[in-house]
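Reading the structure
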Amino acid sequence: MTGAPGGPLKIAIVSDYYFDYVGGAQTSMRQQKLALEDAGHTVIVVSPARGFRGARYRRSADGLLVKPLFRLPVLDLAVIPNNARSVAALERYLRSEKVDVVHVQTEFGLAHVVDVAAANMGIPLVHTVHSFYWASEGPPQASVAWFIRWALQLVIGEKIPNILFTPRKTDNLLRNLVLAMARRAKQVVSPSNHQAADLAAAGVTGTISVIPNPIATSNVASNALTIEQARRPSFLWVARCEPVKRPLHFARAVIAALARTDNGFTVDFVGEGSDLPALKRLAANHPEIRVQGALPHDEVLALMDASAAIALTSLGFDNQPMTIAEAVSRERGVLYCDPKLKEGLSNSGYLSETPDDAGLADALVALVEDPSLLVGLSEGALVDRELFSPTNYVERIVEVYRR
């Protein structure tokens, strides 16, 4: 058992992603940290440093920043190789901090470095898989997949499996990279049941615990949706503006639904990414569509409170988006199109009949024409949000830490 029985733990959360980037995994990690700290535990974060100047390892308010060897600009990913020198440095740091358990939440070089360091120290390592469903769009990738495989294996210091999950070569490689890390951990956490089943089917032999992402903040109380708000509703789409999140599909559905409802609603799009220019072009002649770009988290929550429902339009990509947890925590329903994402939306979710543009447009029209549906989803969110409570998360994750 780790730590004194029933006593507080010191946990190191490890991320290969820059901790200041606004993404679902980083949002989840911040919420986990807050939930654990509010329960009396101590959490430090080990993550990459921005830039290439300064010391290789430097302490921060959150924990430790590690200067990467270089950065992949397209993915905004820090490259930190798994080698003996890195392992020794991280082991010294973890020992000096008297860390009880390491919780890795990514699968690239830094995660593998800390995995070896934890093994050397004899302390538990827990791995949360934020997404097993890497996906991309674009031209065929076979010509570069071999090079990416070679480079990733060099960075993580081990061979990556080659199980066929998808015909897209680099997507398949990244799914196998996730699998390689998950196979190393004796304790694996999945925020959703459907991802847990897929990990087990792929050969993960460690114990897989299904623990939903927590929502541990907000200082502003949530409010139920009123019938007045629902009569001319506003919808919020918030995610990375990338093809896997399907913002253009939703924008086309919105335009079709506006035509069918006499412009009876508005939509805010929040997020940055490669689809943002095309989204702005689609929205140009429709004042009911507001393309916000990236916004601070408190402004996103304010938009969520001003909205009647949140739109979640990814298909076959997400594990359990933080959008769901945040929406129900603010007493808002969720319009979604991927039936695998129903966890946490039993009472607050509205599933479109089909995931295409037409199906999303039909769902929007139905919600706009019957405001009571939106009010009912808001009422259901009060029930569903208990799944994402910080108390629930801490109780379940600490039990995993102490195994």
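Refer to the preceding data block for the structure.
Here's a quick rundown of the structure. Keep in mind that this is a model prediction, so the values were computed, not measured.

The next subject is the overall build of the chain. A count of helical and extended segments in the chain gives 14 helices and 16 strands. Taking 22 Å as the expected radius of gyration for a compact globule of 403 residues, we find that the chain reaches 21 Å, a close match to that expectation. When the backbone C-alpha atoms are referred to their principal axes, the chain occupies close to 65 × 50 × 40 Å. Scored against the burial criterion, the 403 residues of the chain give a buried share of 57%.

Here we have six strands laid out as an open sheet, ordered 13-12-11-14-15-16, and parallel in their pairing. The sheet is open, and its two borders are formed by strand 13 (289–293) and strand 16 (349–351), each paired with just one other strand. Each strand axis lies, on average, 25° off the axis of its neighbour in the sheet, ignoring direction. Looking at chain direction, strand 11 (residues 234–238) and strand 14 (residues 309–312) are connected through three bridges and run parallel.

Most of strand 12 (residues 266–270) is tucked away: five of the five residues are buried. Neither face of strand 12 is left uncovered, since the one carrying T266, D268 and V270 and the one carrying V267 and F269 both have all their residues buried. In terms of strand pairing, strand 11 meets strand 12 through five bridges, oriented parallel. Within the sheet, the bridge partner assigned to V238 lies in strand 12 and is V270. Regarding the hand of the β-α-β motif, the stretch spanning strand 11, helix 8 (residues 247–260) and strand 12 is right-handed. Pairing of strand 12 with strand 13, which is carried by four bridges, proceeds in the parallel orientation.

Judged by pairing direction, the sheet is mixed, and its eight strands sit side by side in the order 3-4-2-1-7-8-9-10 without closing on themselves. At either end of the open sheet lies a strand with only one pairing partner, and these are strand 3 (57–59) and strand 10 (207–210). The mean angle between the axes of side-by-side strands here comes to 20°, regardless of whether they run parallel or antiparallel. The sheet contact formed by strand 7 (residues 101–104) and strand 8 (residues 125–128) spans three bridges and is parallel. Paired with H103 across the two strands is V126, which belongs to strand 8. Set on the sheet, helix 2 (residues 84–96) makes contact with strand 1 (10–14), strand 2 (42–48), strand 3, strand 4 (63–66) and strand 7; between it and strand 3 the angle comes to about 20°.

Moving on: the packing of aromatic side chains. Here the structure, examined in full by the defined rule, presents eight aromatic pairs. For the ring pair F147 and W150, a centre distance of 5.7 Å and an interplane angle of 35° mean the geometry is tilted. A residue pair is termed a helical-turn pair when its members lie 3 or 4 positions apart in one helix, as F147 and W150 do in helix 4 (residues 142–156) at three residues. Summarising the aromatic geometry, the rings of F235 and F265 are spaced 5.7 Å apart at their centres and angled 85° between planes, so their arrangement reads as edge-to-face.

Attention now moves to the environment of L177. Positionally, L177 belongs in helix 5 (residues 169–184). Since its relative accessible area comes to 1%, L177 is described here as buried. For the pair formed by L177 and L341, sequence separation is 164 residues and the distance between their alpha carbons is 23 Å. Once residues within four sequence positions are removed from consideration, L177 is found in contact with E107, F108, L152, I156 and I160.

Criteria and thresholds
Residues numbered from 1 in each chain as written. Predicted model: local features only at pLDDT ≥ 70, side-chain atom pairs only at ≥ 80, totals over all residues. Heavy atoms only, no water. Helix = DSSP H or I, 4+ residues; strand = E, 2+ residues; numbered from the N terminus. Rg over C-alpha atoms; globule rule 2.2 N^0.38 Å. Buried < 20%, exposed > 50% of the residue type's maximum accessible area, 1.4 Å probe, protein only. Pairing = 2+ DSSP bridges. Axes fitted to C-alpha atoms, helices over the stretch in contact; angles between N-to-C directions. Right-handed = clockwise from strand over helix to strand, strands pointing away. Contact = heavy atoms within 4.5 Å. Phe/Tyr/Trp six-rings, centres within 6.5 Å; stacked < 30°, edge-to-face > 60°.

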